[in-house]
Amino acid sequence: MKAIQFSEYGKSDVLKYVDVPKPEVKPGFVLVQVKAAGINFADIMKRYGDYLSPTLLPCVPGAEVAGVIAEVSQGESKFQEGDRVVALTEDGGYAEYVLLHESQLIKIPDAVSFEQAAAILLQGLTAYHTLKTSGQMAEGETVLIHAAAGGVGTFAVQLAKIFGAGKVIATASSEEKLKFAKSIGADIGVNYTDADWKDQVLTHTEGKGIDVVLEMVGGDIFTKSLQLLGNFGRLVIYGRAGMEKNSFDPAILMQRNTSVIGFWLVRIMQRPALYRQSVSEMLNLIGNGQLKVIIGETFKLEDAAVAQDKIESRKTTGKVILIP
């Protein structure tokens, strides 16, 4: 079968379109023909060898897959060939087929496409859990969402409104992206390339500050976001796209009873009931039309390097999908 693989760390040119052995089915596993695979910034971090956990080489990246079961193992199974399924896996999604344990699989409702299903697993669940599980967002609270036109951001803006946020403030790097964020539910848009963006945000809160901030850039964005927290505010960190490290005096947290919370989706996967419940809830929200999946672009499997370059250069809006 065809797959995208890298055998050394580096820029996108390390990604190779190669022939690899098709996985063989074993007890408890099924073979899924991949119809759509999500691309995420985490894939890029793995390619650089800079992910939170070690990336073993050679690696076929890709954690989000949606497709059709092509083969099941002998013996009892609650799945059968032809079932439409979605799954979050450690790696292996950038391929024509992937071997998955039955416990990873969730059936896709008829009203949800493969592309929509693949799009929610990392970015959608990250938005869901940074708001609800880690951020503990309550109805009526003010939420600040950075990179609101990106993959996580587009879900976070919508979910914050669905969960009852009183005000959603979106930041992005251009007026076009801010217009887009407002079109999917953001109440206010602020360009974070403006020197006074922090002051603009504070003005929109009438000086009270933010209740929940979703932050994934680092550097100066993190520092100013921390300063923007109101009483009992929570800043949830779910990435470090800017590659900058930060340090701060913990005493600042005491002044307004604020919190800085780290989030990594892998830990949600270690709570299967919570993972399955949140995936099912999001699939239902998509199926009934409450949650829109913004597919920015789709690429052929062999064009994975081009797709990753566009994400890394922040030239994308919404979710980027590979179609094997």
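None of the values given here were measured: they were computed from a predicted structure. Counting restarts for each chain: residues are numbered from 1 in the order of the written sequence. Selection of residues for local features in this predicted model requires a pLDDT of at least 70, selection of side-chain atom pairs for listing and counting requires 80 or more, and totals for whole chains, interfaces and linings are taken over all residues. Only heavy atoms go into the side-chain values, all of them from the structure, while hydrogens and water stay out.

Visitor: So what exactly am I meant to see when it comes to the environment of T142 here?
Guide: Runs of H or I in DSSP of at least four residues are treated as helices and runs of E of at least two as strands, each being numbered from the N terminus. Tracing the sequence through the fold places T142 in strand 8 (residues 142-145). Classification of T142 by relative accessible area gives buried; the value is 14%. Separated by 35 residues in the primary sequence, T142 and K177 place their C-alpha atoms 20 Å from one another. Per-residue accessibility, obtained with a 1.4 Å probe over protein chains only, is compared with the maximum for each type, and a residue is labelled buried under 20%, exposed over 50%, and partly exposed between these values.

Visitor: Explain the packing of helix 5 (residues 197-204) against helix 6 (residues 219-228) here, please?
Guide: Helix packing for two helices is described by the angle between their axes and how far apart those axes are. Only the stretch in contact is used when a helix axis is fitted, and all axes are lines through C-alpha atoms; the angle between N-to-C directions ranges over 0 to 180 degrees. For the pair helix 5 and helix 6, interaxial distance at closest approach is 10 Å and the crossing angle is 25 degrees. As judged from the angle between their axes, helix 5 and helix 6 are roughly parallel. Crossing angle aside, the handedness with which helix 5 passes helix 6 is right-handed. Residues W197, K198, V201 and L202 of helix 5 lie in contact with helix 6, whose contacting residues are I221, K224, S225, Q227 and L228. In this classification, Asp, Glu, Lys and Arg are treated as charged, Ala, Val, Leu, Ile, Met, Phe, Trp, Tyr, Cys and Pro as nonpolar, and every other residue, Gly included, as polar. Across the contact of helix 5 with helix 6, the residue classes break down as five nonpolar, two polar and two charged. Note on terminology: angles under 35 degrees are roughly parallel, angles over 145 are roughly antiparallel, angles of 65 to 115 are roughly perpendicular, and the others are oblique. It is the rotation of the near helix from the far one that decides the hand of a crossing: anticlockwise by less than a right angle makes it left-handed, clockwise makes it right-handed. Contact between two residues is taken to exist if any of their heavy atoms lie within 4.5 Å; hydrogens are not considered.

Visitor: Honestly, the sheet that holds strand 12 (residues 229-237) in this entry has me stumped. Any pointers?
Guide: To summarise the sheet geometry, strands pair through backbone hydrogen bonds and adopt either a parallel or an antiparallel arrangement. Strand order in the open sheet formed by six strands is 10-9-8-11-12-13, and the pairing between neighbours is parallel. Taken across any chain shown, the strands that pair with only one partner, and hence form the sheet edges, are strand 10 (188-191) and strand 13 (259-262). Going from strand to strand, the sheet's axes swing by 20 degrees on average, the running direction of each strand aside. Any two strands with at least two DSSP bridges between them are considered paired. One ladder, built from four bridges, connects strand 9 (residues 167-172) with strand 10; its direction is parallel. By the bridge assignment, I169 is partnered in strand 10 with I188. On the sheet, helix 3 (residues 151-162) packs against strand 8, strand 9 and strand 11 (210-215) and is oriented at approximately 175 degrees with respect to strand 8. Where helix 5 meets the sheet, it contacts strand 8, strand 9, strand 10 and strand 11, and its direction lies at approximately 165 degrees from that of strand 10.

Visitor: Is there a simple way to think about helix 4 (residues 175-183) in this case?
Guide: In an α-helix, one full turn covers 3.6 residues, which means residues spaced three or four apart are oriented alike. Regarding helix 4, the residues found buried are K177, L178, F180 and A181. The arc that holds the buried residues of helix 4, viewed along the axis, is 160 degrees, so those residues lie on one side. Of the exposed residues in helix 4, those oriented more than 90 degrees away from the buried face are E175, E176, K179 and S183. In this structure, the buried residues of helix 4 make contact with helix 3, strand 9 and strand 10. Looking at the residues trailing helix 4, positive phi occurs at G185, about 130 degrees. When we speak of the arc, we mean the arc of directions from the helix axis to the C-beta atoms.

Visitor: Help me understand the packing of helix 2 (residues 114-134) against helix 3 in this model?
Guide: Two elements in contact, helix 2 and helix 3, have axes separated by 8 Å at closest approach and are oriented at 50 degrees. One finds that helix 2 runs oblique with respect to helix 3. Along this stretch, helix 2 crosses helix 3, giving a crossing that reads as right-handed. Where helix 2 abuts helix 3, its residues A119, I120, Q123, G124, T126, A127, Y128 and L131 lie against G151, V152, F155, A156, L159 and A160. In the contact of helix 2 with helix 3, the residues fall into 10 nonpolar, four polar and no charged.

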